[in-house]
Amino acid sequence: MRILHTADWHLCDKNGPIDRTADLQARVEEVAKLCESERIDVMAIAGDLFYENASPEQMAAALAHFRGAFKAFFARGGTVVAVTGNHDRDAKVEMIRAGMTLADPHAGANQQFGGGRVYLANRCGVLTLADPAGRRVQFVLVPYPLASRYDIPVAGYRTREEEHRLVQAEVAKWIGGVPEKDSFDPTVPTVLVAHLHVRGAQAHRLYKLDEGDDVLVDFASLRPDWAYVALGHVHKPQELGGSRHVRYPGPLDRLDFGEKDDPRGVVAFEVDGTGLVGDVVWHELDATPFVDVTVTDPDASLPPAPPRAIVRVTVGCQCQSRDELNRRLKAAYPRLHQTKWPEPPRPGGAASTFQPKASFEATVRDYLADKLKDDPDRVALLHLADTFLTPEADR
């Protein structure tokens, strides 16, 4: 069975003011073409299919595009197996799952799962699929461990750290007990698909994570003796424990400037009756460029950037007209994400003369007047502040 491992699609995502729909649709189409060229039988999506703030209408449009992009894949019996992540909202996901059940009410009866469709798991489970040649592989499915997905009552913990430790124990217990389940066949090769943060994985954060930050799962709990462990949640592509078959592939595309230097891709591998066979192959995708630009001369030509790049600008000089430079920046960079302006200079480097006043309103007005002293938009901003400081604004 030929399997493609991907994760963290975040369909319908936005990056600040920039709608990422076109970027993500392009990557979906790229993956669909790869599934055909590599003759993939099953695509495993290890969580975070959607952006958490996506509306039902946006999700419906994303699924329609998904269906169209993978039309050839589904037509030849290709199957998508996906688990939910921490950004997938339960209410919206359950609506999608209800629709899937109506479309195919007999799916999973007597542990029989057909191809040519999507299976989206919001609870732990075991699913067995067969490729066109009849070779079977069983998928152990573990969504992101929210307490609600393990029926843990809110009264069972007092702090976030307690909640995470409790859920972590439940995850380890459930995975460890899979071989004892009636739905598990020890003679069939097994692939774990999970949206988890494995302790020791390299994340982009600069400090060491603990149970207060996330649910951390030990490497040994993943059953690395199974044929393959398809992980999602950590966005940095990597192997774990020196094992080529235990991996995070990273997201479908770059999602923010913290990922601007990371490659993006998917992993293809093959499983037969003996387990993993052949190479585990990384296929790089044409990820969206994230570009930092520094402006040191407001009158000079602006540095070039790729047309589809998302651009962040730092202005390292004073300029007579921010409005004029801002217009030039927006014209040069259609996908301008953010502009960082320098602090206006103070004569002789003098410190602020602001002193708190007796009333809250007067204090705020004087503070803003001082801070905005050299800002070209000072009058408009002070007028806007006044609309929030009038008595009517409190009603």
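Preceding this section is the structure that the text describes.
Computed from a prediction, not measured in an experiment: that's the story for all the values here. (Residues numbered from 1 in each chain as written. Predicted model: local features only at pLDDT ≥ 70, side-chain atom pairs only at ≥ 80, totals over all residues. Heavy atoms only, no water.)

*Asks:* Would you mind going over the pairing of strand β14 (residues 243-248) with me for this structure?
*Replies:* The two faces of a sheet get side chains in turn, since along a regular strand they alternate between them. In terms of burial, β14 is largely enclosed, as 5 of its 6 residues are buried. Examined bridge by bridge, strand β13 (residues 238-240) and β14 share 3 bridges and lie antiparallel to one another. Within β14, the residue paired with Q238 across the bridge is Y248. Counted along the chain from β13 to the antiparallel partner β14, the turn is 2 residues long, and its residue G241 has a positive phi close to 60°. (Buried < 20%, exposed > 50% of the residue type's maximum accessible area, 1.4 Å probe, protein only. Helix = DSSP H or I, 4+ residues; strand = E, 2+ residues; numbered from the N terminus. Pairing = 2+ DSSP bridges.)

*Asks:* Would you take a moment to explain the nonpolar core for this structure?
*Replies:* Burial of nonpolar side chains together is a common tendency in soluble globular proteins. Counting 33 residues, the largest nonpolar core has L4, W9, L11, V31, M43 and F70 as its most contacted members. At 6 residues, the largest contribution of residues to this core is made by helix α1 (residues 21-37). If near-sequence neighbours (up to four positions away) are discounted, L11 is found in contact with L24, V28, L49, F50, Y51 and A62. Membership of the second largest hydrophobic core comes to 29 residues, among which are Y144, I152, L231 and Y248. (Core = buried A, V, L, I, M, F, W, Y, C linked by side-chain atoms within 4.5 Å. Contact = heavy atoms within 4.5 Å.)

*Asks:* Teacher, can you tell me more about the pattern of salt bridges here?
*Replies:* Any two side chains of opposite charge can pair, so long as their charged atoms come close to each other. Here the structure, examined in full by the defined rule, presents 24 salt bridges. When the shortest N-O distance is used, the salt bridge between R20 and D253 registers 3.4 Å. Note that R20 is positioned in the loop between β3 (18-19) and α1 and D253 in the loop between β14 and β15 (265-272), a separation of 233 residues in sequence. Assigned by exposure class, R20 and D253 land together as buried. Among the salt bridges present, the one from R335 reaches D23, with a minimum N-O distance of 2.8 Å. Note that R335 is positioned in the loop between α6 (322-332) and β19 (336-340) and D23 in helix α1, a separation of 312 residues in sequence. With a relative accessible area of 7%, D23 lands in the buried category. One salt-bridge network, held together by shared partners, links R20, D23, R27, E30, D253 and R335. (Salt bridge = Lys/Arg side-chain N within 4 Å of Asp/Glu carboxyl O.)

*Asks:* Just checking my understanding: could you explain the sheet that holds strand β4 (residues 42-46) for this structure?
*Replies:* As summarised here, the arrangement of the 6 strands in space is β6-β5-β4-β1-β15-β16, forming an open sheet in which the pairing is mixed. Each end of this open sheet is capped by a strand with a single partner; those strands are β6 (118-121) and β16 (275-284). Adjacent strand axes in the sheet meet at a mean angle of 20° when their direction is disregarded. Along the sheet, α1 contacts β1 (2-6), β4, β15 and β16; its crossing angle with β1, the most-contacted strand, is approximately 160°. (Axes fitted to C-alpha atoms, helices over the stretch in contact; angles between N-to-C directions.)

*Asks:* Can you help me understand the pairing of β15 in this one?
*Replies:* Judged by how many residues are buried, β15 sits mostly within the fold: 6 of 8 residues are covered. As judged from the 4 bridges shared by β1 and β15, these two strands associate in the antiparallel manner. If you follow L4 over to β15, its bridge partner there is A268. As paired elements, β15 and β16 share 7 bridges and run antiparallel to each other. Its bridge partner lying in β16, V266 is registered against H283. Two successive antiparallel strands, β15 and β16, enclose a turn made up of 2 residues.

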